[in-house]
Amino acid sequence: MPTPAGEAPRGEREGPVQGACGGFHSFRGDFTVHVWFSGGRDRHRAVFWHDMEASTVRLWVDGIPVGTGADLNPYGHWLDGRLLVVQAEGPDDHPLQSYGPGLPVTGIVSVLIHDTAYGSTQILIPGPHETWTEPRVVQAGETLRVYATPEAQTADVPDRILSLRSAPE
């Protein structure tokens, strides 16, 4: 359809901006900053500030603090351009909990999920029978499936299935 005189052509695009990356990081010895952009129509950004001297991670999504007070992993990933998933420290009283070098947070971890459509954040904490060492969160239709490990995901044995609310109109 021709564009009326004086108007710029309109269009839609999903995914990263042409010529731009999906994220970047900056490293300065005592801290690192990671920025991850979501895909999709409403491009969101997650900024992780990792203060290595203090061993803390702060997170902002679209400029709003998220997971304040939680001990977070300095990385996350986007689901469907809407949900940010980040590992967090698991419960101290978990029967299989472990601490040690090389662990980003703890051996048994929790999962933070931030929903940009609602501006809401929830932290899923594993129960005593859930051994979340490398949890995977997968969107399946209108549900989120939480798997304890990649092997559990391959076998399609989720620990939890959560209802995913539709984005508000």
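Above this text is the structure in question.
Every value quoted in this text rests on a predicted model; they were computed, and no experiment measured them. (Residues numbered from 1 in each chain as written. Predicted model: local features only at pLDDT ≥ 70, side-chain atom pairs only at ≥ 80, totals over all residues. Heavy atoms only, no water.)

Got a minute to help me understand the environment of Leu79 in this structure?
In this structure, Leu79 sits in strand β6 (residues 77-79). Between the alpha carbons of Leu79 and Asp115 there is a distance of 9.6 Å; along the sequence they are 36 residues apart. For Leu79, the contacting residues outside a window of four places in its chain are Val85, Val137, Gln139 and Leu144. (Helix = DSSP H or I, 4+ residues; strand = E, 2+ residues; numbered from the N terminus. Contact = heavy atoms within 4.5 Å.)

What should I look at first to understand the side chain of His94 in this one?
If you trace the backbone, His94 turns up in the loop between β7 (83-89) and β8 (109-115). Among the polar contacts made by the side chain of His94, one reaches the main-chain carbonyl oxygen of Glu130 at a distance of 2.8 Å. What His94 contacts, discounting residues up to four positions off in sequence, is Ile108, Pro126, Gly127, Pro128 and Glu130. (Polar contact = N/O pair within 3.5 Å; in protein donor to acceptor, adjacent residues only side chain to side chain.)

Would you explain the environment of Glu151 in this entry?
Tracing the backbone through its elements, the reader meets Glu151 in helix α1 (residues 150-154). Taking the C-alpha atoms as reference points, Glu151 and Arg136, 15 residues apart in sequence, are found 9.9 Å from one another.

Please clarify how the sheet that holds strand β11 (residues 143-147) should be interpreted in this entry.
Paired through backbone hydrogen bonds, the strands of a sheet run either parallel or antiparallel to each other. If you walk across this open sheet you meet the 3 strands as β10-β11-β12, and the pairing is antiparallel. Each end of this open sheet is capped by a strand with a single partner; those strands are β10 (136-140) and β12 (160-163). Averaged over all pairs of adjacent strands, the angle between strand axes in this sheet comes to 25°, irrespective of strand direction. For β11 and β12, the ladder comprises 4 bridges, and the chain directions are antiparallel. (Pairing = 2+ DSSP bridges. Axes fitted to C-alpha atoms, helices over the stretch in contact; angles between N-to-C directions.)

Would you explain the pattern of salt bridges in this entry?
Where charged atoms of side chains with opposite charge meet at close range, the side chains can pair. Counted under the stated rule, the structure contains 4 salt bridges. With a shortest N-O distance of 2.7 Å, Arg82 and Asp115 are connected by a salt bridge. One end of the pair, Arg82, is in the loop between β6 and β7; the other, Asp115, is in strand β8, and 33 residues separate them in sequence. On the basis of relative accessibility, which here comes to 12%, the residue Arg82 falls in the buried class. Judged by its relative accessible area of 8%, Asp115 falls in the buried class. Glu130 is paired through a salt bridge with Arg160; the nearest N and O atoms lie 2.9 Å apart. Here Glu130 is found in the loop between β9 (120-124) and β10, whereas its partner Arg160 is found in strand β12, with 30 residues between them in sequence. Looking at Glu130, the relative accessible area reads 3%, which means it is buried. The exposure class assigned to Arg160 is partly exposed, which follows from its relative accessible area of 22%. (Salt bridge = Lys/Arg side-chain N within 4 Å of Asp/Glu carboxyl O. Buried < 20%, exposed > 50% of the residue type's maximum accessible area, 1.4 Å probe, protein only.)

Got a minute to help me understand the sheet that holds β7 in this structure?
With antiparallel pairing, the 4 strands of this open sheet are ordered in space as β6-β7-β8-β9. Both edges of this open sheet fall to β6 and β9, since each of them pairs with a single strand only. Across the sheet, the mean angle from the axis of one strand to that of its neighbour is 30°, orientation sign disregarded. In this structure, β7 lies alongside β8, joined through 7 bridges in antiparallel fashion. Its bridge partner lying in β8, Val85 is registered against Ile113.

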